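# Structural characterization, general
The lines below spell out each chain.
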Amino acid sequence: MGTLEGKVAVITGAGSGIGRACAELFAAQGARLLLAGRRETPLQELTTSLSAAVASYVTVDVTRPEDNEKMFEAAVQRFGRCDIFVVSAGSEGASKTIEEYPMDIFDEVMAVNVRGVFLGLKYAMPVMRAQGGGSIVIVSSIAGIKARNTHNSAYVASKHAEVGLMRTAALEGAPHRIRVNAVLPGPTETEMVRRIEESRSPGAPEKTRAKILAQLPLGRYGTAEEVAQVIAFVASDAASISTGAVFAADGGLSAG
């Protein structure tokens, strides 16, 4: 029996990267899923591959209150409850100094990574409170506790804010048996990281990759599947004593 057998999970950012890896792993462990994201095609393809008995999907913009409300209404309507909420939608922004950073991109990063997380919590917690509890995992970043490099002020600020929201939500949720934790991936083999590599070394992303690899004690990037394993543990009843915590999945990067 899988560790998530019988659970219902809502996953944002489910169309790609860590969100998709979570969906595939959770389904393999026996969960039923509501997959959410902006792009319908990857959500539709993933739902088909997992089967309609296991998964449904809804297209959402996590920065909109009404879309977050719709997402949890869909989960309750389809599956009757929401035991787990994985907040994986995110935006990396631009690779610019603070002086050069475009305001429109800064606002977009903060809208997705901070407002989106806040709204997810705002609409998930009443559902979980009404059913007697639940588990929320915010997929933040090692940038939530360390500003490792320059040229990513919006991303670092937004990820620090996610950790702050997690800790506040953990305290507010504890009396209602709602656990809230954050998983902090380091460099991971995803589309987002490839975009970051290209933005920092246009036309030569391998230069950025080499610099990042040199900083990693384990000497390699993680995979989305490895990060999903950590998220599945934190989301599951096996981590029932953990709330308000950060779990690094970063190849040792935060140890230095």
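Nothing here was measured: the structure is a model prediction, and the numbers come from that model.

### Focus: the side chain of Thr12
Along the polypeptide, Thr12 turns up in strand 1 (residues 8-12). At a separation of 3.2 Å, a polar atom in the side chain of Thr12 contacts the main-chain amide nitrogen of Ala89. Those residues in contact with Thr12 that lie beyond four places of it in its chain are Gly19, Ala36, Val62, Met71, Phe85, Val86, Val87, Ser88 and Ala89.

### Quick word on the packing of aromatic side chains
The tally for this structure, following the rule as stated, stands at two aromatic pairs. Taking 6.3 Å as the distance between ring centres and 85 degrees as the angle between the ring planes, the aromatic pair formed by Tyr101 and Phe106 counts as edge-to-face. Here Phe106 falls in the partly exposed class, since its relative accessible area comes to 27%. It is Arg209 that lies over the ring of Tyr221; its NZ or CZ is 4.3 Å from the centre.

### Considering the pairing of strand 4 (residues 84-87)
The side chains of a regular strand alternate, first on one face of the sheet and then on the other. Side-chain alternation along strand 4 places Ile84 and Val86 on one buried face and Phe85 and Val87 on a second face that is also buried. Sheet analysis places strand 1 next to strand 4, joined by three bridges and oriented parallel. Note on strand 4: the bridge partner recorded for Val10 is Phe85. Relative to strand 5 (residues 134-139), strand 4 runs parallel, the two sharing four bridges.

### A few points about the nonpolar core
Nonpolar side chains in soluble globular proteins generally cluster together in the buried interior. Counting residues in each nonpolar core, the largest one holds 38 residues, and the members touching the most others are Met71, Phe85, Ile136 and Val180. For this core, the secondary-structure elements that each account for two or more residues are strand 1, strand 2 (32-37), helix 3 (65-79), strand 4, helix 4 (103-131), strand 5, helix 5 (153-173) and strand 6 (178-185). The leading source of residues in this core is helix 4, at seven residues. Dropping the residues within four chain positions of it, Ile136 is found in contact with Phe85, Val87, Leu121, Ala124, Met125, Met128, Ile178, Arg179, Val180 and Asn181. In this structure, Ala9, Ala21, Ala23 and Phe26 belong to the second largest nonpolar core, which totals 31 residues.

### A look at the packing of helix 3 against helix 4
It is the contact of helix 3 with helix 4, at a shortest axis distance of 9 Å, that shows an interaxial angle of 35 degrees. Handedness of the helix 3/helix 4 crossing: right-handed. Counted together, Pro65, Asn68, Glu69, Phe72 and Val76 of helix 3 and Arg115, Gly116, Leu119, Gly120, Tyr123, Ala124 and Val127 of helix 4 form the full contact between these two elements. The residue inventory of the contact of helix 3 with helix 4, partitioned by class, reads seven nonpolar, three polar and two charged.

### Structural notes on the sheet that holds strand 2
Read from one edge of the open sheet, seven strands run 3-2-1-4-5-6-9, paired in parallel fashion. The open sheet has two edge strands, strand 3 (55-59) and strand 9 (246-249), and neither has a second partner. Taking the axes of each pair of neighbouring strands and ignoring which way they run, one obtains an average angle of 20 degrees across the sheet. With five bridges connecting them, strand 1 and strand 2 associate as parallel partners. Residue pairing in the sheet places Val10 in a bridge with Leu34 of strand 2. Running over the sheet, helix 1 (residues 17-28) touches strand 1, strand 2, strand 4, strand 5 and strand 6 and is turned about 165 degrees from strand 1. This element, helix 8 (residues 224-235), spans strand 4, strand 5, strand 6 and strand 9 of the sheet and lies at about 165 degrees to strand 6.

About the criteria used
- Residue positions are given per chain, counted from 1 along the sequence in the order it is written.
- The predicted origin of the model limits local features to residues at a pLDDT of at least 70 and limits the giving and counting of side-chain atom pairs to 80 or more, whereas totals for whole chains, interfaces and linings rest on all residues.
- Excluding hydrogens and water, the side-chain values take into account all heavy atoms of the structure.
- Secondary structure elements follow DSSP: runs of H or I no shorter than four residues count as helices, runs of E no shorter than two count as strands, and numbering proceeds from the N terminus.
- For this analysis, a polar contact is any N or O atom pair within 3.5 Å, provided that within protein one partner can donate a hydrogen and the other can accept it, and provided that sequence-adjacent residues contribute only side-chain to side-chain pairs.
- Should any heavy atoms of two residues lie within 4.5 Å, those residues are considered in contact.
- Between 30 and 60 degrees the pair is tilted, below 30 it is stacked and above 60 it is edge-to-face, where a pair is any two Phe, Tyr or Trp rings, Trp via its six-membered ring, whose centres lie within 6.5 Å.
- Here's how the labels work: a residue is buried when its accessible area is under 20% of the maximum for its type, exposed when over 50%, partly exposed in between, all with a 1.4 Å probe on protein chains only.
- Only lysine NZ and arginine CZ atoms are considered, and such an atom sits over a ring when it is within 6 Å of the ring centre and within 35 degrees of the ring normal.
- In this description, strands pair whenever DSSP reports at least two bridges between them.
- Here, nonpolar core refers to any group of buried Ala, Val, Leu, Ile, Met, Phe, Trp, Tyr and Cys residues whose side-chain atoms link them within 4.5 Å.
- Note on definitions: angles span 0 to 180 degrees between N-to-C directions of axes, and those axes are lines fitted to C-alpha atoms, for helices only across the stretch in contact.
- Helix crossings fall into two classes, left-handed where the near helix is turned counterclockwise from the far one by less than a right angle and right-handed where it is turned clockwise.
- Gly is put with the polar residues, along with every residue not named as nonpolar or charged; the nonpolar set is Ala, Val, Leu, Ile, Met, Phe, Trp, Tyr, Cys and Pro, and the charged set is Asp, Glu, Lys and Arg.

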